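# Fold and geometry: a report
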Amino acid sequence: MPRKIYTVTPAAGEGWKIEGAREGRFLKKTAAIEKAKELASAHQPAQVRVKARNGRIEKEWKFPPSSGLRRTLG
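What comes next concerns the included structure.

Moving on: the pairing of strand E3 (residues 46-51). Relative to E3, strand E1 (residues 4-10) is paired through 5 bridges, and the arrangement is parallel. Bridge pairing in E3 links Thr-7 to Arg-49. Of the pairings in the sheet, the one linking E3 to strand E4 (residues 57-63) comprises 6 bridges and is antiparallel in character. Bridged to Val-50 within E4 is Lys-59.

Okay, here's the thing in structure tokens:
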């Protein structure tokens, strides 16, 4: 079964959004990440990716975790 991917990205203008979900905008990045994690946990297998404003992936989590470790990219 393919892994569902929820990507937290900057919204046009202000705030953050979750690609791959019907959720609206979030003012805080942390709120968008927590909601994406909730969605991924409820729809396993899934993955959460967080993109910085420059488009690079900063962090990602897998549900269920394969190694139990969060990957942080530089």
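Grouped together as the largest cluster of nonpolar side chains are 15 residues, with contacts concentrated most on Tyr-6, Val-8 and Ile-18. Contributions of two or more residues to this core are made by E1, strand E2 (16-19), helix H1 (29-42), E3 and E4. Among the elements that line this core, the one with the most residues is H1, at 5 residues. If we skip the residues at most four places from it in the chain, Ile-18 touches Tyr-6, Thr-7, Val-8, Glu-23, Phe-26, Ala-32, Lys-35, Ala-36 and Leu-39.

At the junction of Gln-44 and Pro-45, the peptide bond is cis and its omega measures out at 0° in the coordinates. Structurally, the position occupied by Pro-45 is in the loop between H1 and E3. For the peptide bond that leads from Phe-63 to Pro-64, omega is 0°, which places it in the cis range. Assignment of secondary structure puts Pro-64 in the loop between E4 and strand E5 (71-72).

This part covers the packing of aromatic side chains. Counting across every chain of the model gives 0 aromatic pairs. The lysine or arginine in question, Lys-37, covers the ring of Trp-61, its NZ or CZ lying 4.1 Å from the ring centre.

What counts and how
Residues numbered from 1 in each chain as written. Predicted model: local features only at pLDDT ≥ 70, side-chain atom pairs only at ≥ 80, totals over all residues. Heavy atoms only, no water. Pairing = 2+ DSSP bridges. Helix = DSSP H or I, 4+ residues; strand = E, 2+ residues; numbered from the N terminus. Core = buried A, V, L, I, M, F, W, Y, C linked by side-chain atoms within 4.5 Å. Buried < 20%, exposed > 50% of the residue type's maximum accessible area, 1.4 Å probe, protein only. Contact = heavy atoms within 4.5 Å. Phe/Tyr/Trp six-rings, centres within 6.5 Å; stacked < 30°, edge-to-face > 60°. Lys NZ or Arg CZ within 6 Å of the ring centre and 35° of its normal.

So, to be careful, I would describe these as geometric facts and stop short of saying anything about function.
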